[in-house]
Amino acid sequence: MPMMPIEPNHSPGRILLGMSGGVDSSVSAFILKKQGYEVIGLSLLTHDAGVAGLSDAKAICSQLGIEWLMVDVRKEFQQIVISDFIDSYLLGRTPNPCIICNPAIKFAALYREAQKMDCSHVATGHYAKIEKVTGSGRFALAKTEAGLKDQTYFMYRLSQEQLSRLIFPLSGMDKEQVRLIAAQAGLRIQDGSRIAEKPDSQDNCFIPSGDYANFIQNDPKVRNNESLLDLTRPGTVVDQNGRPIGTHRGLIHYTVGQRKGFQVKTTERLFVVGKIPSTNSLVVGPFDQVLRSEIKVIKPVYSGLAAIGPGESLEARIRNSAREVPCKVYPMADDCLKAIFEQPVAAPAPGQSCVFYRDGLIMAGGFIDDY
């Protein structure tokens, strides 16, 4: 497969690129430089586990002959992202830390540093596109050809100001094409290996082991508080009527819709319906009890639409791995939204995000509330 033609989508100027040390941001740096931009690579140190990736980002920038900078945002990341992650689990919700991090930490830092260095635009290696909505002129994230790698869902909370100065060099590409460009460009990380062969990063960057339950249990706030620590310990599984039918290994191990990991005295196929932190109880039931015809969406932000009118016809994605489903959306008096689905959806988990699309463009989104 030949290397894709690389054409700039803005007049080249001075641009600040978020550099993670992975293949996506590295190829983005290569593309932007080929397009004629004056590229500055910026790596954010968000947590101690992220130190290892800095050397790879620095090596790529050195190889490409571009300036590399690092900013330590560990304090803000702890206060905003990790604290929300832990608090959400302790409240029985299922958080998505990337959705909190992107507007509040990652892009906030990029734009802050871009202003200091007189950069006209910011870029990242995300698989996404930005379009202007016909009529309103508002900016909206648009789904790409990257399939399951599409990352628009994770960035729906970016502001109009952030979107207006943002460039995605990988727009229109998929992962295979990106790795091909990295190989053909001969990009290598600090240990000399080809970055085209570097594995993708895990979903949760600050818990490399993937054992988030252990991470929460060992957080000082939890470890030193007996009532919070109870939520990490085994408890009772109950049915919808509150009748004890088994045991679980700690509420933080479960999310709505899950059907494994708990012990019950029945052969019936059961799913997690909800959690009751006050009694350390896990509520389970048959599949039809995890179906929802409507949900409440809190703390909404607006992208392609400045507001939502009563009965707006949109498509909703209730988790990143889910397909969009048709729905009607209604504004509520408490500055929330109500989504009513054409067909019931399975296991919309409180704490996850519901993102509303129209014709592949993000119109709005918010957090799924408890029900």
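Located above this text is the structure these notes cover.
Residues numbered from 1 in each chain as written. Predicted model: local features only at pLDDT ≥ 70, side-chain atom pairs only at ≥ 80, totals over all residues. Heavy atoms only, no water.

**Student:** Whenever I open this one, the overall build of the protein confuses me. Can you help?
**Tutor:** Secondary structure summary: the protein contains nine helices and 18 strands in total. Taking 2.2 N^0.38 as the reference for a compact globule, 371 residues should give roughly 21 Å; the C-alpha atoms of the protein span a radius of gyration of 22 Å, in line with that estimate. When each of the 371 residues of the protein is scored for burial, the buried share is 51%. At a minimum sequence separation of 6, the contacts of the protein that also span at least 24 residues come to 64%. Of the roughly 17,200 Å² of accessible surface on the protein, a fraction of 50% belongs to carbon and sulfur atoms. A gap of 2 Å separates the mean positions of the 41 positive and 39 negative side-chain charges of the protein. (Helix = DSSP H or I, 4+ residues; strand = E, 2+ residues; numbered from the N terminus. Rg over C-alpha atoms; globule rule 2.2 N^0.38 Å. Buried < 20%, exposed > 50% of the residue type's maximum accessible area, 1.4 Å probe, protein only. Contact = heavy atoms within 4.5 Å. Areas by Shrake-Rupley, 256 points an atom, 1.4 Å probe, with all protein chains shown as cover. Lys, Arg positive; Asp, Glu negative; His and termini not counted. Charge placed at Lys NZ, Arg CZ, Asp CG, Glu CD.)

**Student:** Sorry, what's going on with the nonpolar core here?
**Tutor:** One broad rule of soluble globular proteins: the nonpolar side chains tend to lie buried together. By size, the foremost hydrophobic cluster in this structure holds 58 residues, and its most contacted members are L16, L166, I216, F262 and L282. Sorting the residues of this core by element identifies β2 (38-45), α3 (74-90), α4 (97-116), α7 (212-217), α9 (226-229), β12 (281-285), β17 (353-358) and β18 (361-368) as the ones contributing at least two each. Considering each element in turn, this core owes the most residues, nine residues, to α4. Apart from residues lying up to four places away in sequence, L166 is in contact with F107, Y111, H121, V122, A123, I130 and L158. (Core = buried A, V, L, I, M, F, W, Y, C linked by side-chain atoms within 4.5 Å.)

**Student:** What exactly am I supposed to notice about unusual backbone geometry here?
**Tutor:** As a rule of thumb, non-glycine residues mostly have phi less than zero, and peptide bonds are mostly trans rather than cis. Located in the positive-phi region is D118, a residue other than glycine, with phi close to 60°. Positionally, D118 belongs in the loop between α4 and β4 (121-123). Classification of D118 by relative accessible area gives exposed; the value is 64%. We note that N280 has phi near 55°; this positive angle belongs to a residue other than glycine. Within the secondary structure layout, N280 lies in the loop between β11 (271-276) and β12. Residue classification places N280 among the buried residues on the basis of a relative accessible area of 12%.

**Student:** Please explain the packing of aromatic side chains as it appears in this structure.
**Tutor:** Applying the stated criterion to the full structure yields eight aromatic pairs. Taken together, a centroid distance of 5.3 Å and an interplanar angle of 90° make the contact between F85 and F206 edge-to-face. Of the two residues, F85 is situated in helix α3 and F206 in the loop between α6 (175-185) and α7; the sequence distance between them amounts to 121 residues. When sorted by exposure, F85 lands in the same class as F206, which is buried. Consider the rings of Y153 and F154, whose centres lie 5.7 Å apart with planes at 90°: the pair is edge-to-face. Classification of Y153 as buried rests on a relative accessible area of 0%. Through successive ring pairs, a cluster of aromatic residues spans F77, F85, Y89, F206, Y212 and F215. Lying across the ring of Y357, K143 places its NZ or CZ 5.9 Å from the centre. (Phe/Tyr/Trp six-rings, centres within 6.5 Å; stacked < 30°, edge-to-face > 60°. Lys NZ or Arg CZ within 6 Å of the ring centre and 35° of its normal.)

**Student:** Can you walk me through the sheet that holds strand β3 (residues 67-72) in this structure?
**Tutor:** Each strand in a sheet pairs with another by means of backbone hydrogen bonds, the pair being arranged parallel or else antiparallel. Read from one edge of the open sheet, five strands run β3-β2-β1-β4-β7, paired in parallel fashion. Both outer strands of the open sheet, β3 and β7 (166-167), are each paired with one neighbouring strand and no more. The sheet contact formed by β4 and β7 spans two bridges and is parallel. Within β7, the residue paired with V122 across the bridge is L166. Taken strand by strand, helix α1 (residues 23-34) contacts β1 (14-18), β2 and β4, and its axis lies near 170° from that of β1. Each of β1, β2, β3, β4 and β7 touches α4; the most contacted strand, β2, lies at about 135° to it. (Pairing = 2+ DSSP bridges. Axes fitted to C-alpha atoms, helices over the stretch in contact; angles between N-to-C directions.)

**Student:** Just checking my understanding: could you explain the pattern of salt bridges for this structure?
**Tutor:** Proximity of charged atoms lets side chains of opposite charge pair with each other. In this structure the tally under the stated criterion is 20 salt bridges. Notably, a salt bridge pairs R93 with D370, separated by 3.3 Å at the nearest N-O pair. Placement of the pair is R93 in the loop between α3 and α4 and D370 in the segment after β18, with a sequence separation of 277 residues. Note that K175 is salt-bridged to D200, the shortest N-O span being 2.9 Å. Of this pair, K175 sits in helix α6 while D200 sits in the loop between α6 and α7, and the two are 25 residues apart along the sequence. (Salt bridge = Lys/Arg side-chain N within 4 Å of Asp/Glu carboxyl O.)

**Student:** How should I be thinking about the sheet that holds strand β8 (residues 235-238) in this particular structure?
**Tutor:** In spatial order, the strands read β10-β9-β8-β12-β11; together these five strands make up an open sheet with mixed pairing. What marks the edges here is a single partner per strand, and that holds for β10 (263-264) and β11. For β8 and β12, the ladder comprises three bridges, and the chain directions are parallel. Bridging from a neighbouring strand, V237 pairs with L282 of β12.

**Student:** Please explain the packing of α3 against α4 as it appears in this structure.
**Tutor:** Between two packed helices, both the angle of their axes relative to each other and the distance between the axes serve to describe the pair. Between α3 and α4, the least distance of the axes is 9 Å, while the angle of their chain directions is 165°. Here α3 lies roughly antiparallel to α4, going by the angle between them. Relative to α4, the crossing made by α3 is right-handed. Within the contact between the two elements, α3 uses E76, F77, I80, V81, D84 and F85 and α4 uses P97, I100, C101, A104, I105 and R112. (Parallel < 35°, antiparallel > 145°, perpendicular 65-115°, else oblique. Left-handed = near helix turned anticlockwise from the far one by under 90°.)

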